Amino acid sequence: MTNGGITLAALGHSPAVAALIATHPHDLVPGRVIRSDRGFAFVQTVEGLQVARPATRLVKSAADGGIPVVGDWVLLGGDEAEPLVEVVLERTTAIMRRDPGRSARVQVLAANVDVVFVTHPLAGEPNLSRIERELALVWDSGAQPVILLTKADLSDDAQGARDTVAAIAPGVDIHITSAATGAGIDEALVYLAGGRTAVLIGPSGSGKSTLVNALAGEDVQETREVRVADGRGRHTTVSRELIVLPGGGLIIDTPGLRAVGMWDSSEGLAQAFSDIDALAAHCRFRDCRHEGEPGCAVEAAVERGELAGRRLDSFRELQAEIATVNEQLDVRARLEKKREDKILARSIKDFYKNGDKRR
Ligand SMILES: Nc1nc2c(ncn2[C@@H]2O[C@H](COP(=O)(O)OP(=O)(O)OP(=O)(O)O)[C@@H](O)[C@H]2O)c(=O)[nH]1
Ligand SMILES: [Mg+2]
Ligand SMILES: [Zn+2]
């Protein structure tokens, strides 16, 4: 079935997705969201690209606004003039951060990705706390994090930088890459074998789009040089976009993230800081916050020089951020409950005042 030039398999369709699709009405058309823009989903189906609006019912039901995000598998209904996203299939993974624009809201950056390439340039000193943040977010998503250190051609000591990063990324594969020399590109391609989907995250100018072009073997994404004055990127990529690689596999390019706010990501945090988590098992108190409690094994490790104080600070900062998110979520849940109770109380009052007119 290659009508329109693409098969569902080339879009990353798996037996799990097929099983999900089978539970819905068969007259709906399956497809994958390659871009989401101003409320419209750009959906690739075997018949071509459809620009669809989410059905009203979807928007009302979902906590995150019901808007399909890049990577989502959806089922389309409606008609040719106005295709509608009727169903967003259950996500296998979701990369979530705190919405930088709205308080106590989540933003799903991408869905159904197998691998997240955390890109970081080797042009200067690596920003360790940024990498730690990104790893917590990725571990929480269920996808596999892989660090790609980029621009190795600009570094005198790529191996040294790699070791520094490895110390803060337990259990994460790290590759040194350079789009300029082609180093590490084949290693990155391995993660995409078998029609897998990856997403690139990282600061602006870290070379994400350049990597996409190197992985694709042709220029599919626009790139721009970083600012000379401070080496920062220019936010060249403006939308998250799913790209089908000619050699198989899919990759989502994203705009450089300015802020990587934690969401309700405690599990991701524990995995990203598995070294601290292992030490914490030996703290005297089960709920030890590693902030001066007696018998704290984590702080003891810092004192012995076995754990970097910087890393513990970083952990505490992220932990505090997650606690704040959870408090905000509790407050919102209470307010919503109160509002619902009020509406219920009013309808009961109306019922007794007017009698039930429907009878
Ligand atoms: N020397 C060198 N420069 C690179 C390499 N990879 C990317 N660059 C350059 O870095 C600049 C930024 O690259 P982009 O690919 O646009 O960066 P990006 O991460 O997509 O940036 P945003 O889209 O703004 O988030 C461009 O001028 C690239 O040519 C590399 O391996 N070596
Ligand atoms: Mg880009
Ligand atoms: Zn402790």
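Now for a look at the structure at hand. Everything numeric in this text was worked out from a predicted model, so none of it was measured. (Residues numbered from 1 in each chain as written. Chains lettered and ligands numbered in written order. Predicted model: local features only at pLDDT ≥ 70, side-chain atom pairs only at ≥ 80, totals over all residues. Heavy atoms only, no water.)

## Quick look at helix α3 (residues 128-141)
Line of reasoning, step 1. The end-to-end C-alpha distance of α3, which contains 14 residues, comes to 20 Å, matching closely the 20 Å that a straight helix rising 1.5 Å per residue would cover.
Line of reasoning, step 2. Taking burial as the measure, the 14 residues of α3 include 12 buried ones, the bulk of the element.
Line of reasoning, step 3. Residues of α3 that are buried include every one of Leu 128, Arg 130, Ile 131, Glu 132, Arg 133, Glu 134, Leu 135, Ala 136, Leu 137, Val 138, Trp 139 and Ser 141, and no others.
Line of reasoning, step 4. Where α3 ends, the next residue or the one after it, Gly 142, has phi of about 95 degrees, a positive value. (Helix = DSSP H or I, 4+ residues; strand = E, 2+ residues; numbered from the N terminus. Expected span 1.5 Å × (residues − 1). Buried < 20%, exposed > 50% of the residue type's maximum accessible area, 1.4 Å probe, protein only.)

## Some thoughts on the site of ligand 1
Line of reasoning, step 1. Taken together, 22 residues surround ligand 1, and among them Asp 153, Ala 179, Ser 204, Lys 208 and Thr 210 come closest.
Line of reasoning, step 2. The contact in question runs from an oxygen atom of ligand 1 to an N or O atom on the backbone of Ala 179, over 2.7 Å.
Line of reasoning, step 3. Arg 224 is positioned such that a nitrogen or oxygen atom in its backbone is 3.2 Å from an oxygen atom of ligand 1.
Line of reasoning, step 4. Burial of ligand 1 by the surrounding chains reaches 87%, relative to a free accessible area of 660 Å².
Line of reasoning, step 5. Looking at the shell around ligand 1 residue by residue, the class counts come to 5 nonpolar, 12 polar and 5 charged. (Near = heavy atom within 4 Å. Polar contact = N/O pair within 3.5 Å; in protein donor to acceptor, adjacent residues only side chain to side chain. Areas by Shrake-Rupley, 256 points an atom, 1.4 Å probe, with all protein chains shown as cover. Nonpolar A, V, L, I, M, F, W, Y, C, P; charged D, E, K, R; others polar.)

## Quick look at the sheet that holds strand β8 (residues 115-121)
By way of backbone hydrogen bonds, the strands of a sheet pair with one another, either parallel or antiparallel.
Line of reasoning, step 1. With respect to topology, 6 strands assemble into an open sheet ordered β10-β9-β8-β11-β13-β12, the strand pairing being mixed. Edge positions in the open sheet fall to β10 (173-176) and β12 (241-244), since each of these has one partner strand only. Each strand of the sheet is rotated relative to its neighbour by a mean of 25 degrees, with strand direction disregarded.
Line of reasoning, step 2. Pairing of strand β11 (residues 197-201) with strand β13 (residues 250-253) involves 3 bridges; the strand directions are parallel. Bridge assignment links Ala 198 to a residue of β13, and that residue is Ile 251.
Line of reasoning, step 3. Against the sheet, α3 contacts β8, β9 (144-150) and β11, and its axis sits at roughly 150 degrees relative to β9. (Pairing = 2+ DSSP bridges. Axes fitted to C-alpha atoms, helices over the stretch in contact; angles between N-to-C directions. Contact = heavy atoms within 4.5 Å.)

## Examining the pattern of salt bridges
Line of reasoning, step 1. Applying the stated rule across the entire model yields 19 salt bridges.
Line of reasoning, step 2. One salt bridge in this structure joins Arg 35 and Asp 37, with 3.4 Å as the shortest N-O distance.
Line of reasoning, step 3. With its nearest N and O atoms 3.0 Å apart, the salt bridge here joins Glu 306 to Arg 304.
Line of reasoning, step 4. Residue classification places Glu 306 among the exposed residues on the basis of a relative accessible area of 56%.
Line of reasoning, step 5. Three or more residues are tied together by salt bridges with common partners; here these are Arg 35, Asp 37, Arg 38 and Glu 241. (Salt bridge = Lys/Arg side-chain N within 4 Å of Asp/Glu carboxyl O.)

## Some remarks on a nonpolar patch on the surface
Line of reasoning, step 1. A contiguous nonpolar surface patch, about 430 Å² in accessible area, is contributed by Leu 344, Ile 348, Phe 351 and Tyr 352.
Line of reasoning, step 2. Secondary-structure assignment places Ile 348 in helix α10 (residues 309-354). (Patch = residues over 30% accessible without salt bridge, like charges linked within 9 Å, V, L, I, M, F, W, Y side chains within 5 Å.)

## Points about the coordination of the zinc ion (ligand 3)
Line of reasoning, step 1. Ligation of the zinc ion (ligand 3) by protein atoms is provided by Cys 283 (SG), Cys 288 (SG), His 290 (ND1) and Cys 296 (SG), these donors lying 2.1 to 2.4 Å from the ion.
Line of reasoning, step 2. Counting gaps between the donor residues of the zinc ion (ligand 3) yields the pattern C-x4-C-x1-H-x5-C.
Line of reasoning, step 3. What makes His 290 buried here is its relative accessible area of 3%. (Donors = N, O, S within 2.8 Å, 3.2 Å for Na, K, Ca; no water.)

## Brief notes about the coordination of the magnesium ion (ligand 2)
Line of reasoning, step 1. The coordination sphere of the magnesium ion (ligand 2) contains the protein donors Ser 209 (OG) and Thr 237 (OG1), at a distance range of 2.0 to 2.1 Å. In this pair, Ser 209 is assigned in helix α6 (residues 208-216) and Thr 237 in the loop between α6 and β12, connecting sequence segments 28 residues apart. This pair shows no difference in class: Ser 209 is buried, exactly as Thr 237 is.

## Notes on the nonpolar core
Line of reasoning, step 1. Counting residues in each nonpolar core, the largest one holds 62 residues, and the members touching the most others are Ile 95, Val 113, Val 116, Leu 135, Ile 147, Val 199 and Ile 201.
Line of reasoning, step 2. In terms of residue count, α3 provides more of this core than any other element does, 7 residues in total.
Line of reasoning, step 3. Dropping the residues within four chain positions of it, Ile 147 is found in contact with Val 118, Ile 131, Leu 135, Val 165, Ala 169, Val 172, Asp 173, Ile 174 and His 175.
Line of reasoning, step 4. Leu 148, Ala 188, Ile 243 and Leu 245 belong to the second largest nonpolar core, which has 17 residues in total. (Core = buried A, V, L, I, M, F, W, Y, C linked by side-chain atoms within 4.5 Å.)

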